[in-house]
Each structure stands twice: as structure tokens, then as C-alpha cells.
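Spelled out from the first residue to the last, the chains are:
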Amino acid sequence: MNAYLRMFRMINAVMGVVGALVASFIAAGTGIVDCWQNVLIMAAVVFLFVAGGNSINDSIDYEIDKVSHPERPVPKGEITPRQARNVGYALLLGSFAVSFLTLDIAAIILVLIAVILMVAYELTLKQRGFVGNVTIAVLTGMVFLVGAAMVGPWTENLYIAAMAAAVSVGREISKDIEDMEGDEGRLTLPMRIGVRNASIVACIFYLLGVAMSVIPLVTGMYSILYAIVVVADAFFVIATVSVFSAPHKAQKMAKFGMLWGLVAFILGAIYI
């Protein structure tokens, strides 16, 4: 695969787009068809945003990645840090510019906030450990808000955004535990309070996501098909158990859980 495409983390970018599409579907149902122009614009916005954020990340963390992720294009020397930085900022700016095509003030403002948070995270907040984890989690949740804003009121998906953010906090902490050996210049949560305590915090957020996923089942917020969310919950429980001994496995399981969670929300919104 092309070095730039690998730097963009295509799987993550596509997953971000899928998440936004799911968010739009949950907010508008089959009415999403009437907003197909905004949906296409949203896909471009999210893809550019994720690719841009990953590029800036690699331009800053290339020394750390020589230890933690030596397979990435920048530490391998396929792309220079300056090139990665310039491409990253161009993609984020492009993401914001494309959002104007929606002619929707809420959507434009949400994208602007997301871009500001991403730049702030990469430049300063990342070094602040837990604050950085929460920032990334908020950005993950904002994908659902942007998706909703493209087809209707952005507030429609506040609950789902909160669930995604909770699980993302756990996943980010798991990643910090995994990257401890290579982390330099950062005071991450596991460095601050120890690996075991950080693992406990990650568990709390994973289980918070599980607990929140049960509420729609009890309240009948979605159709019975939403019950497949138990598969997602199983992955989150595995992540909870794994984080103490295998943080890499934990964050991978959390990613699978988030994917199954998207499937559950899609099915749950089909027949209400």
C-alpha cells in the first residue's frame, strides 16, 4: 500500500466514515436518502479529518514510533516528518472547508471544534495524559454528533456519542499502557498512577460503555434487533479482562466491540 495511505490509517478513516453514516441513519432513519448530498459531504469531511489527524500525529511522534510503531511510514523514512505535518494540516483545513458545502451552521461549527481539538491534542494535550485521552474520546463521540447534524438536529445522538466516548477513554488508556516503553515527553496516566491503577481506570470506562448499552434494551429505545449489542459487550468485557496483562489485545477487542456496536445501532434503527 502507498506510504501516505498507510500513514492515513485507512481502516480507521473508513471506520470513522462508517460511524458517521450510522449516526446519520440513526438520527434520520430512511429519511437519510433525502439528505444524500450532505451525507456524501460528511463522508469526505470525516475521511479528511481522520487522515489529517493521523498524519499530524505521525509527524510529531516519529521518534516514539521508532520503538512503538516502527512499521509506520515516517519512522521508516518513507515520509519525512515535515511532509507528514504539511499533509496533515492541509487535510484538516480541507475537512473544515468541505463542511461549508453543507450550508448548515451546526455542522460547520462542530467540524471547526473538532479540528481545533485535534490540533490542540497533537500540540499540547497529548502530553497531559488523561486529558489527552478524554480529548480523543470526545472527538470520537463528535463523529456521531456531526453525522446527526448533517441530516437533522445534532442533539439526536448525544446519548450514543457519550457511549462511544466512554469506551474510547478505556481504549486510549490501554494504548498508553502498551506504548509506555516508547513514550517520551508525555506524562500518561499509567506513568502517573502506575500500570495496574491505569488498567483499573480503563476497565471502569469499558464497563461504563457496557452499562450504557443496556439502557436502550430496557427502555425500548430501538427495535429488538438492537439486542445484538451483546456481542459488542462481550468484546468490551474481554478488553476489560485483557487490559491487565495484554493491553494491545484489550484495545483491539475494544475496536471490535465498537464495530459491533455500530452494527447493533444500525439494526436497532431499522425497525422501531
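Cut-offs used in this document
Residues numbered from 1 in each chain as written. Predicted model: local features only at pLDDT ≥ 70, side-chain atom pairs only at ≥ 80, totals over all residues. Heavy atoms only, no water. Axes fitted to C-alpha atoms, helices over the stretch in contact; angles between N-to-C directions. Helix = DSSP H or I, 4+ residues; strand = E, 2+ residues; numbered from the N terminus. Parallel < 35°, antiparallel > 145°, perpendicular 65-115°, else oblique. Left-handed = near helix turned anticlockwise from the far one by under 90°. Contact = heavy atoms within 4.5 Å. Nonpolar A, V, L, I, M, F, W, Y, C, P; charged D, E, K, R; others polar. Buried < 20%, exposed > 50% of the residue type's maximum accessible area, 1.4 Å probe, protein only. Expected span 1.5 Å × (residues − 1). Core = buried A, V, L, I, M, F, W, Y, C linked by side-chain atoms within 4.5 Å.

Enquirer: Mind showing me how you'd approach the packing of helix α3 (residues 36-60) against helix α6 (residues 105-123) here?
Expert: Between two packed helices, what matters for the description is the angle formed by their axes and the separation of those axes. Orientation of α3 relative to α6, taken along the N-to-C sense of each, is 10°, at an axis distance of 10 Å. The angle between α3 and α6 places the two elements in the roughly parallel class. Judged by the sense of rotation from one axis to the other, the crossing of α3 with α6 is right-handed. From α3, V45, F49, G53, I56, N57 and I60 reach across to α6, where they touch V111, A114, V115, M118, E122 and L123. Broken down by class, the residue content of the contact of α3 with α6 amounts to nine nonpolar, two polar and one charged.

Enquirer: It is not clear to me how unusual backbone geometry should be interpreted in this structure. Could you clarify?
Expert: In terms of backbone geometry, most residues other than glycine have negative phi values and most peptide bonds are trans. Positioned with a positive phi, R9 is a non-glycine residue whose angle comes to about 55°. On the accessibility criterion, R9 (16% relative accessible area) is buried. Although it is not a glycine, L103 adopts a positive phi angle of roughly 60°. Take L103: it is sitting in the loop between α5 (81-99) and α6.

Enquirer: Explain the packing of helix α2 (residues 10-28) against helix α12 (residues 247-270) here, please?
Expert: At a minimum axis separation of 9 Å, α2 and α12 run at an interaxial angle of 25°. Viewed along their axes, α2 and α12 adopt a mutual orientation that is roughly parallel. In this structure, the crossing between α2 and α12 has a hand that is left-handed. Along the contact surface, α2 presents N12, M15, V18, G19, V22, F25 and I26, while α12 presents K255, M258, L259, L262, F265, I266, A269 and I270. Residues that form the contact of α2 with α12 fall into these classes: 12 nonpolar, two polar and one charged.

Enquirer: I keep staring at helix α7 (residues 130-149) and nothing clicks. Help me out?
Expert: Because an α-helix completes one turn every 3.6 residues, residues spaced three or four positions apart along the sequence face the same direction. Its 20 residues give α7 an end-to-end C-alpha distance of 28 Å, which sits within 8% of 28 Å, the value for a rise of 1.5 Å per residue. The buried fraction of α7 amounts to 15 of the 20 residues, a majority that puts the element mostly inside the structure.

Enquirer: Before we go on, may I ask you to explain the nonpolar core in this structure?
Expert: Looking at soluble globular proteins, one finds that nonpolar side chains tend to be buried together. The biggest cluster of nonpolar side chains holds 72 residues, and the ones touching the most others in it are F49 and F265. When sequence neighbours within four positions are dropped, the list of residues in contact with F265 reads V22, I26, I160, M163, Y222 and Y226.

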